[in-house]
Amino acid sequence: MEKTLSAAKSKTPESFIDKGVRALALTLYYMGGFVLSGAGLFFVRVPFCVGLAAACSGAELVAVCAGSITGCFLRMNMQESLVCLIPLTGAAALVCACEKLRFRNKQTVLCTGVFIFTFAASTILLFSAKPSLNGLVLNLCASALCAGSVIFYKGAVDCIRKKRDIYMLDNHS
């Protein structure tokens, strides 16, 4: 009886520490989504938050989406926020669908989906404003960069989840 009580008492501080680490990780995901929603490259907004959202799942996905939405509404005008929010919604739906259907090549599906969502949203808004070939090429490059960021963020999320050192990533990541 005494051993059982001492074991229960020793688990209590560990659970508080685990909950604190979990809350800190979710705050990190929220801030990551907030900061990455306003990233720019060559005068084009690149929604890297979509790549981070595609790499996450569960509570992390909700935290990234909340941070991205907050960042979009606080920093961007309506057209730029649509370039961020439409692919973010598509990526979140794609992550949920991949989890339900349990795809084998989930990372490939997510990279392709992020590319298609980002390119489609930015191209539609480009052609609604003032179409140009330079804008189309910049949107293509920005979408490819956003899709490639899924691979990097997936490795970073795995390191956070498994509490591994950053040097323990595989060669692909």
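In the block above lies the structure referred to throughout.
So, here is what we can say about the structure in this document. (Residues numbered from 1 in each chain as written. Predicted model: local features only at pLDDT ≥ 70, side-chain atom pairs only at ≥ 80, totals over all residues. Heavy atoms only, no water.)

Here's the deal with the overall build of the protein
Working step 1: Within the protein, the regular secondary structure consists of six helices and two strands.
Working step 2: In the protein, the succession of helices and strands from N to C terminus is α-β-β-α-α-α-α-α.
Working step 3: In the protein, which comprises 173 residues, the share counted as buried stands at 38%.
Working step 4: In the protein, of all internal contacts separated by at least 6 residues, the share reaching a separation of at least 24 is 67%.
Working step 5: Looking at the protein as shown, the accessible area adds up to about 10500 Å², and 69% of this sits on carbon and sulfur atoms. (Helix = DSSP H or I, 4+ residues; strand = E, 2+ residues; numbered from the N terminus. Buried < 20%, exposed > 50% of the residue type's maximum accessible area, 1.4 Å probe, protein only. Contact = heavy atoms within 4.5 Å. Areas by Shrake-Rupley, 256 points an atom, 1.4 Å probe, with all protein chains shown as cover.)

Details of the packing of helix 3 (residues 59–75) against helix 4 (residues 78–101)
When two helices pack together, their arrangement is captured by the angle between the axes and the distance separating the axes.
Working step 1: Relative to each other, helix 3 and helix 4 sit at 170°, their axes nearing to 10 Å. By the angle between their axes, helix 3 is roughly antiparallel relative to helix 4. Within the contact between the two elements, helix 3 uses Leu-61, Cys-65, Ser-68, Ile-69, Cys-72 and Phe-73 and helix 4 uses Ser-81, Cys-84, Leu-85, Leu-88, Ala-92, Val-95 and Cys-96.
Working step 2: Grouping the amino acids of the contact of helix 3 with helix 4 by side-chain chemistry returns eleven nonpolar, two polar and no charged. (Axes fitted to C-alpha atoms, helices over the stretch in contact; angles between N-to-C directions. Parallel < 35°, antiparallel > 145°, perpendicular 65-115°, else oblique. Nonpolar A, V, L, I, M, F, W, Y, C, P; charged D, E, K, R; others polar.)

Re the environment of Gly-148
Working step 1: Structurally, the position occupied by Gly-148 is in helix 6 (residues 133–162).
Working step 2: According to the relative accessible area criterion, Gly-148 is partly exposed, its value standing at 38%.

Notes on helix 5 (residues 106–129)
Working step 1: Across its 24 residues, helix 5 extends 35 Å between first and last C-alpha, which sits within 8% of the 34 Å expected from 1.5 Å per residue.
Working step 2: Of all the positions in helix 5, only Leu-110, Cys-111, Gly-113, Val-114, Thr-118, Ala-121, Ser-122, Thr-123, Leu-125 and Leu-126 are classed as buried.
Working step 3: Where helix 5 is buried, its residues touch helix 2 (48–55), helix 4 and helix 6. (Expected span 1.5 Å × (residues − 1).)

Let's talk about the packing of aromatic side chains
Working step 1: In total, this model carries two aromatic pairs according to the counting rule given.
Working step 2: Centroid distance Phe-115 to Phe-119: 5.9 Å. Interplanar angle 0°. Geometry classified as stacked. Taken together, the positions of Phe-115 and Phe-119, both in helix 5 and four residues apart, correspond to about one turn of that helix. (Phe/Tyr/Trp six-rings, centres within 6.5 Å; stacked < 30°, edge-to-face > 60°.)

Quick notes on the packing of helix 2 against helix 3
Working step 1: Taken N-terminus to C-terminus, the directions of helix 2 and helix 3 make an angle of 165°; their axes are 8 Å apart at the nearest point. Considering the angle they form, helix 2 stands roughly antiparallel to helix 3. Every pair of crossing elements has a handedness; the one defined by helix 2 and helix 3 is left-handed. Facing helix 2, whose interface residues are Cys-49, Leu-52 and Ala-53, helix 3 presents Leu-61, Val-64 and Ser-68. (Left-handed = near helix turned anticlockwise from the far one by under 90°.)

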